Amino acid sequence: RIQIKESATLTRDVLEQHFNDLKGTVKKLLDERLLSLLQEVDAIEQESIKPLDECQKLIEHGVSTADELLREGESAVGGDVGQQDEKLCSFTKKALHIQLDSLPEVPSLVDVPCLSAQLDDCLLTILKNQIFRYGTVASRPPVQLEEFVEKPGGILVRWCKVDEDFTPQDYRLQFRKGTASHFEDVYVGSETEFMVLHIDPNVDYQFRVCARGDGRQEWSPWSVPQLGRTTLVPHEWTAGLEGYSLSSRRNIALRNDSQSCGVLYSKAPTYFCGQTLTFRQVPLVIETVGQPDRRDSLGVCVEQQNGFDSLQRDQAVCVSTNGAVFVNGKEMTNQLPAVTSGSTVTFDMEVVQLGPCSNEGGNFKLRVTISSNNREVVFDWVLDQCCGSLYFGCSFSYPGWKVLVF
């Protein structure tokens, strides 16, 4: 009930504001069009009346000259006899030089512009048809948020289409932290899920999603906002190891130019069985990655062991940059594609217990799935002790490798 009333109130406010803005814009456009037409009338009027004004001036000048000559002739005829001949002679000379029968050509009436305005009802008809079809009110958005999956330092957000008649082309996911006033875009694309990173643990985030129909420009209404959070601390690399530089959040490791070589481990055993651990290759230069070496490794291990230059050892599983998979230091027959620019390598593990497990140890088996570039290998990793959480690590012999973990 509360959601219906609040969304209805918000919808009314949005409609009223939008149509008020629209009215102002339409009035402004009509005023601009009216001013343009009036200026066009002024221009035609001035251009058309100018030759007629000049013609009128010539006629008036001719009439004035003829009238003056007429008065002079009357004066010569009615004047003194002694001066009559002189005045008549002067009158005759003027009359010969003035062409009283010459007048400028006056255009016919049909050739004189007659201004008018052509206004019909077609605009009103078009506007009426468009206005009556403009805008829609939806009882529910065509897409809704479906699931939030906790990840270390992140949330995997999934959404789905709920309107069968709606054909989506793109989705747009937004979020805001806690009580922040503004949402911000976090994903725009065709996928129906997205991993939102840099999420602080135990803090509420609000999410919403909308979609754009196939061939359309406008976005659909937003889904009902929902809260998501993660209780899992983010994965972090251990700081201070010579040979590797870390990002500010310590989730990206860069193999630098140092000659020092060794395994970079996670700060703590933050990978738990049942989760997905993802390594993503982020090269410094998009077109290239670091030079590969057969001792390179990306993987997980039971504990940190210094003195090794690779995870290709006991109590660890890893994949090399050439795609070779190692279990407890032994290379498997199955192989994954080589790690290249933008590659993503994921580790999934589930517990399969072979025998009794106690603090003293016992047979313990993890079913491991390693995926890369749409291929995967699955195998069982037998350990001699119970292990609910694991360290992750990497090692690269040459500089240029840059790895994001989440």
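Everything numeric here is computed off the predicted structure, so don't read it as measured data.

Chemist: Lay out the overall build of the chain with the relevant residues and their values.
Modeler: Each helix and strand counted, the chain has three helices and 21 strands in total. A total accessible area of about 25600 Å² is found for the chain, and carbon and sulfur atoms account for 52% of it.

Chemist: Tell me about the sheet that holds strand β17 (residues 344-352), residues and numbers included.
Modeler: Taken in spatial order, the seven strands make up an open sheet running β8-β9-β21-β12-β17-β18-β19, and their pairing is antiparallel. Sheet topology places β8 (244-246) and β19 (375-383) at the edges, where each strand pairs with a single neighbour. Averaged over all neighbouring strand pairs, the angle between strand axes comes to 20 degrees, with direction disregarded.

Chemist: Describe in detail the pattern of salt bridges, supporting the description with residues and values.
Modeler: Inspection of every chain in the model, using the stated rule, returns 13 salt bridges. Note that E236 is salt-bridged to K267, the shortest N-O span being 3.7 Å. Pair noted here: E236 is in the loop between β7 (226-228) and β8 and K267 is in the loop between β10 (264-265) and β11 (271-272), with a separation of 31 residues, a long-range link. Here K267 falls in the exposed class, since its relative accessible area comes to 53%. One salt-bridge network, held together by shared partners, links E147, R158 and E193.

Chemist: Lay out the UniProt feature "coiled-coil region" (unreviewed entry) in the chain with the relevant residues and their values.
Modeler: Mapped onto this structure's residue numbering, the UniProt feature "coiled-coil region" (unreviewed entry) falls at residues 12-47. Each end of residues 12-47 is marked by a C-alpha atom, and these two atoms are 52 Å apart; helix forms 100% of the span and strand 0%.

Chemist: Kindly report on unusual backbone geometry, identifying the contributing residues and their values.
Modeler: At N328, a position not held by glycine, the phi torsion is positive, near 55 degrees. The residue N328 is located in the loop between β15 (324-327) and β16 (330-335) in this model. Relative accessible area serves as the criterion here: at 23%, N328 is assigned to the partly exposed category. Positive phi, normally seen in glycine, also occurs at N373, with a value near 50 degrees. Tracing the backbone shows N373 in the loop between β18 (364-372) and β19.

Chemist: Explain the pairing of strand β20 (residues 389-395) to me, using residue names and the numbers behind them.
Modeler: Successive residues of a regular strand alternate their side chains across the two faces of the sheet. Among the seven residues that make up β20, six are buried, leaving the element largely enclosed by the rest of the structure. Relative to β20, β10 runs antiparallel, the two being bridged by two bridges. Among the inter-strand pairings, Y265 is bridged to a residue of β20, identified as G393. In the sheet, β11 pairs with β20 via two bridges, with the strands oriented antiparallel. Bridge pairing links F272 to S389 in β20. For strand β13 (residues 297-301) and β20, the ladder comprises five bridges, and the chain directions are antiparallel.

Chemist: So what's going on with the packing of aromatic side chains? Residues and values would help.
Modeler: Under the criterion given, the structure shown has 12 aromatic pairs. Stacked on the ring of W222, the Lys or Arg R208 has its end atom at 4.1 Å from the ring centre. Of note, R313 hangs over the ring of F308, and the distance from its end group to the ring centre comes to 5.5 Å.

Chemist: Pulling in residues and values, what's your account of the sheet that holds strand β5 (residues 193-196)?
Modeler: Sheet architecture is open: three strands sit in the order β1-β2-β5, paired in antiparallel fashion. Looking at the sheet topology across the chains shown, the edges are occupied by β1 (143-151) and β5. Looking at each pair of strands side by side, their axes are set apart by 20 degrees on average, direction ignored. Where strand β2 (residues 154-161) and β5 come together, four bridges link them in antiparallel fashion. Looking at β5, one finds that V157 is bridged to F194.

Chemist: Help me get a handle on the environment of T167, residues and values and all.
Modeler: Position of T167 among the secondary structure elements: in the loop between β2 and β3 (168-177). Judged by relative accessible area, which is 49%, T167 ranks as partly exposed. Separated by 45 residues in sequence, T167 and R212 have C-alpha atoms that sit 8.4 Å apart. Excluding its chain neighbours within four sequence positions, the residues that come into contact with T167 are R212, G213 and D214.

Chemist: Describe the pairing of β18, naming the residues involved and giving the relevant values.
Modeler: Of all nine residues that make up β18, eight are buried, and the element is covered over most of its length. Where β17 and β18 come together, eight bridges link them in antiparallel fashion. Bridge pairing in β18 places T346 opposite S371. Bridge analysis of β18 against β19 gives nine bridges, and the strand direction is antiparallel. Within β19, the position partnered with L366 by the bridge is W381. Between β18 and the antiparallel strand that follows it, β19, lie two residues; N373 among them carries a positive phi value of about 50 degrees.

What counts as what
Residues numbered from 1 in each chain as written. Predicted model: local features only at pLDDT ≥ 70, side-chain atom pairs only at ≥ 80, totals over all residues. Heavy atoms only, no water. Helix = DSSP H or I, 4+ residues; strand = E, 2+ residues; numbered from the N terminus. Areas by Shrake-Rupley, 256 points an atom, 1.4 Å probe, with all protein chains shown as cover. Pairing = 2+ DSSP bridges. Axes fitted to C-alpha atoms, helices over the stretch in contact; angles between N-to-C directions. Salt bridge = Lys/Arg side-chain N within 4 Å of Asp/Glu carboxyl O. Buried < 20%, exposed > 50% of the residue type's maximum accessible area, 1.4 Å probe, protein only. UniProt positions renumbered as here; feature names shortened; annotations may be inferred. Phe/Tyr/Trp six-rings, centres within 6.5 Å; stacked < 30°, edge-to-face > 60°. Lys NZ or Arg CZ within 6 Å of the ring centre and 35° of its normal. Contact = heavy atoms within 4.5 Å.

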